[in-house]
Amino acid sequence: MAENKKKKESLSFQAEVSKLLDIVANSLYSEREIFLRELISNSADACEKLRYLAITKKGLLGDQKDLSIHIRLSKKKKIIEIEDNGIGMSRQELIDNLGTIARSGTNKFIEAMKTKKKDDLSAIGQFGVGFYSSYMVAETVDVLSKSAENKETNLWSSNGKDGYSIENQNKKDRGTIISLKIKKDADEFLDSIRLRSIITKYSNYIPFPIYLKDLDSKDKEEKVNEGEPLWLKDKKKIKKEDYKQFYNNISFNFDDPLKTIHYNAEGVINYKALLFLPTNQPMDLFNPDRKNKIKLYVQKVFITDDCEEIIPHWLRFIPGVVDSQDISLNISREMLQNNPIISKIKKGITIKILNELSALADVETKAYLNFWKNFGAVIKEGLYEFNDHHDKILPLLRFHTSENEEVISLDDYLLKMVKNQNEIYYFANTDKEHIKNSPQLETFIDKKIPVLFMTDAVDEFWLQNASKYKDKTFKSITKGKIDLSKIKSTNTKEKENSESKNNTNINDLINVLKKELENKISNVVVSNRLTKSPIILIADESGMDINMEKLMKMHNKTMPDSKKILEINPNHPMILKLSESLSKIDHKKLSSLLLDQANILDGNVLSNPTNYIESLTELFIK
Ligand code: ADP
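Computed from a predicted structure; not experimentally measured.

(A) Representation of the overall build of the protein. A tally of helices and strands in the protein yields 20 helices and 23 strands. Over its C-alpha atoms the protein spans a radius of gyration of 32 Å, topping by over 25% the 25 Å that the globule rule assigns to 622 residues. Each principal axis of the C-alpha atoms in the protein carries an extent, and together these give about 105 × 55 × 40 Å. Taking all 622 residues of the protein together, the buried fraction comes to 52%. Charge-centre separation for the protein: the mean point of 97 positive side chains lies 1 Å from the mean point of 92 negative side chains.

Listed below in structure tokens is the structure:
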């Protein structure tokens, strides 16, 4: 067996990996220096993993208790090496991690590259495929690794094109050495001053010492980074740039943080937290399997970055570090679930973030609106979930309205409510233009009653949980009855129009429609929300809102249509004309024509457009 493993084995990259390598190698990305940031970050992860494992497996560290990262370069040999004494990789891990198994991020990265600015590879780390960025500067990459656990030692080697080879090799110490054979056009990196500046630029706060050595010079190896965990430092001594670098490191976002939240919680529960509000929206924000970006430490020892319980899912865009002395170092990752201390920390963090957001909304309106544009839809998920924070989340919401292009809060809405208005009116549809042009808005615009536009898919869902704001109920204007009779119209003609001139005929028309559309419609009624349009569809009071039904259908195509209410405008000239000429028109055709019109106004695709055109033509010709 051992003999067998010694043999050099050649393997092919998984198809997606090849595609990715192709993008990386051929990119003209100007900030190629990020390869070092990615490799150092992997080394630091490997050290953190080992330190964590060593808590329970005492002998694992052996006589190498100090974990560190060493960078070496030689201009003569055209190499850069990155060495760590972290957890290392077994043969199988080398195969899985660096070549064969498509990592979940690979495809997503390729997808994202299609839509993003062509050569911007800076986000590569966000997708968990940072290792491959080494091929921006290297023609071959050798990875010599000794696993701390099973002591297997192997050399993985590849030019990033024709697959890779793997063979058994000797290595004294545990950990990994990554050797890059630097491409001709990347020799600018074979310079210790350049490398030093890259390390301090991106990796200054990596919590392990990083040493740099120029193999061609007699100069001694030198420690380059600051190393001390930033979150433990005195706030007053931390510069803005330090925070930014730390933020960039842990989040793989490369914007400036919009806000830095650094605090020390003392009392019932003790922890230090360093959290950031991003300025830009991370590319993977809406990936369903995106996890939070919080690293959990216990007294400086990294425990996990995979603790779903530490921050609510609807704050998953907030990167940061939490370090608590109240958790036992011996805690296993499984024990973090349902852990009362973690729950308390989660509550503390959530309240802190919500307070900061509310202060930002009050003081820095413009910055807040930008934040809301990027993250509002995610925050709203917090209202869909049952939790204690709805009272703090609701005032953070911002909406477009029927009034103008300005974005308003719910408190602004309450101030804008007109006399005798008792409900908060909204229209939910992900297409803002559709809302603006919908007949349902007519009366509201006429009576100057503001309507909130709920344009995020999540809106329909949270509205089911949070039905009120400060004793005012949210009311959809596309569903059920709406009584606006107590609110005066600004249009003087309304009064004389409001009573239909020809009630009997209208009633006859309603009866015809009810009969002919019996199987398609739940009811036909006179509308009090239309001023210009002849007809609309409304969801039943007890049923699902129209937009919600459309959303649900996207996921479940077999869901049956619910029957809607057809509302007709008794003052519309077409309706009046039709109701007067009922005896001369084919009732079946008339009914289906009107239903089709209502469907068109609702943005639906007609199942039989030919029928509609034929009936319409017939009516014109007559
Ligand atoms: P990511 O680090 O985001 O998971 P990478 O493509 O950078 O993605 O690395 C792939 C995987 O290879 C890592 O998750 C890790 O398991 C392994 N790996 C990379 N570098 C090292 C290293 N220096 N020591 C141990 N494992 C490593």
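Following the structure, the description resumes.
(B) Inspection of the packing of aromatic side chains at higher detail. Summed over the entire model, instances satisfying the criterion amount to 20 aromatic pairs. Among the aromatic residues, those joined into a cluster by ring pairs are W231, Y243, F246, Y247, F276 and Y297. Lying across the ring of Y263, K352 places its NZ or CZ 4.8 Å from the centre.

(C) How the structure looks around the sheet that holds strand 11 (residues 271–278). Ordered by their spatial adjacency, five strands build an open sheet running 10-11-14-12-13, and the pairing between neighbours is mixed. Each edge of the sheet is formed by a strand with only one pairing partner; in this case those strands are strand 10 (257–265) and strand 13 (301–304). Taken pair by pair, the neighbouring strands of this sheet meet at an average axis angle of 25 degrees, ignoring direction. Where strand 12 (residues 294–298) meets strand 13, three bridges bridge the pair, whose relative direction is antiparallel. The partner of Y297 across the bridge, within strand 13, is F302. With respect to the sheet, helix 8 (residues 340–363) is in contact with strand 10, strand 11, strand 12 and strand 14 (320–324), its orientation differing from that of strand 10 by roughly 135 degrees.

(D) How the structure looks around the pairing of strand 4 (residues 138–146). When strand 4 meets strand 7 (residues 175–182), the two strands line up antiparallel, connected through eight bridges. Across the sheet, L144 pairs through a bridge with I177, a residue of strand 7. Where strand 4 hands over to strand 5 (residues 153–158), the hairpin turn is made up of six residues, of which K151 adopts a positive phi near 65 degrees.

(E) Seen up close, the packing of helix 8 against helix 9 (residues 365–384). Orientation of helix 8 relative to helix 9, taken along the N-to-C sense of each, is 140 degrees, at an axis distance of 8 Å. With respect to their mutual orientation, helix 8 and helix 9 come out oblique. As for the relative orientation of helix 8 and helix 9, their crossing is left-handed in sense. Counting all contacts with helix 8, which are made through L357, L360, A361, D362 and V363, the residues of helix 9 involved are T365, Y368, F371 and I379.

(F) View of helix 18 (residues 573–580). Of all the residues in helix 18, the buried ones are I575, L576, L578 and S579. One face of helix 18 carries all of its buried residues, which in axial projection span an arc of 165 degrees. Seen from the open side of helix 18, the exposed residues pointing more than 90 degrees away from its buried face are P573 and K577. Packing partners of the buried residues in helix 18 comprise helix 16 (503–516), strand 23 (564–568), helix 19 (587–601) and helix 20 (609–621).

(G) Summary view of the side chain of E460. Here E460 is to be found in helix 14 (residues 459–465). For E460, which is buried and forms no salt bridge, the nearest opposite charge comes from K479, at a distance of 7.5 Å. Setting aside chain neighbours within four positions, we find E460 in contact with A428, D545, N547, M548 and L551.

(H) Up close: the pattern of salt bridges. Summed over the entire model, instances satisfying the criterion amount to 31 salt bridges. Among the ionic pairs, R32 bridges to D185, the shortest N-O distance being 3.3 Å. Linking R32 in the loop between helix 2 (15–25) and helix 3 (34–56) with D185 in the loop between strand 7 and helix 6 (192–203), this pair joins segments that are 153 residues apart in sequence. Here D306 makes a salt bridge to K291, at a shortest N to O gap of 3.6 Å. Of this pair, D306 sits in the loop between strand 13 and strand 14 while K291 sits in the loop between strand 11 and strand 12, placing them 15 residues apart in sequence. A residue is classified by how much of its surface remains accessible, and K291, at 42% relative accessible area, is partly exposed. Linked through salt bridges whose partners overlap, the residues forming this network are R32, E33, D185, E188 and R194.

(I) Fine view of the domain arrangement of the protein. You can read the domains of the protein as domain 1 (2–223), domain 2 (234–370), domain 3 (383–476) and domain 4 (494–621). Distance between the C-alpha centres of domain 1 and domain 2: 27 Å.

(J) Examining unusual backbone geometry more closely. The backbone of K151 sits at a positive phi, close to 65 degrees, despite the residue not being glycine. Mapped onto the fold, K151 is located in the loop between strand 4 and strand 5. Phi angles above zero are rare outside glycine, and K470 is one such case at about 45 degrees. With respect to the helices, strands and loops of the structure, K470 is situated in the loop between strand 19 (468–469) and strand 20 (472–476). On the basis of relative accessibility, which here comes to 51%, the residue K470 falls in the exposed class.

(K) Main features of the nonpolar core. Among the nonpolar cores identified, the biggest contains 73 residues, and I310, I349 and W462 are the most heavily contacted of them. Among the elements that make up this core, the one with the highest residue count is helix 8 (eight residues). Split by domain, the residues of this core number at least three in each of domain 2 (234–370) and domain 3 (383–476). With residues up to four places along the chain from it excluded, the contact list for W462 reads K380, L383, Y384, L394, L397, F399, M454 and F474.

(L) Representation of the sheet that holds strand 21 (residues 521–526) in the model. Within the open sheet, the three strands sit side by side as 21-23-22. Their pairing is mixed. Each of the sheet's edge strands pairs with one partner strand only, and the pair in question is strand 21 and strand 22 (535–538). Averaged over all adjacent pairs, the angle separating strand axes in this sheet is 25 degrees, with direction ignored. Bridging between strand 21 and strand 23 involves five bridges; their strand directions are parallel. The partner of N523 across the bridge, within strand 23, is I565. Across the sheet, helix 16 lies against strand 21 and strand 23, angled at about 175 degrees from strand 21, the strand it touches most. With respect to the sheet, helix 19 is in contact with strand 21, strand 22 and strand 23, its orientation differing from that of strand 22 by roughly 70 degrees.

(M) Structural context of the pairing of strand 22. Residues of strand 22 alternate between two faces, with I535 and L537 on one and I536 and I538 on the opposite face, all of them buried. In terms of strand pairing, strand 22 meets strand 23 through four bridges, oriented antiparallel. Across the sheet, L537 pairs through a bridge with L566, a residue of strand 23.

Reading guide: rules and limits
Residues numbered from 1 in each chain as written. Predicted model: local features only at pLDDT ≥ 70, side-chain atom pairs only at ≥ 80, totals over all residues. Heavy atoms only, no water. Helix = DSSP H or I, 4+ residues; strand = E, 2+ residues; numbered from the N terminus. Rg over C-alpha atoms; globule rule 2.2 N^0.38 Å. Buried < 20%, exposed > 50% of the residue type's maximum accessible area, 1.4 Å probe, protein only. Lys, Arg positive; Asp, Glu negative; His and termini not counted. Charge placed at Lys NZ, Arg CZ, Asp CG, Glu CD. Phe/Tyr/Trp six-rings, centres within 6.5 Å; stacked < 30°, edge-to-face > 60°. Lys NZ or Arg CZ within 6 Å of the ring centre and 35° of its normal. Pairing = 2+ DSSP bridges. Axes fitted to C-alpha atoms, helices over the stretch in contact; angles between N-to-C directions. Contact = heavy atoms within 4.5 Å. Parallel < 35°, antiparallel > 145°, perpendicular 65-115°, else oblique. Left-handed = near helix turned anticlockwise from the far one by under 90°. Arc of directions from axis to C-beta. Salt bridge = Lys/Arg side-chain N within 4 Å of Asp/Glu carboxyl O. Domains from an automatic or database assignment. Core = buried A, V, L, I, M, F, W, Y, C linked by side-chain atoms within 4.5 Å.

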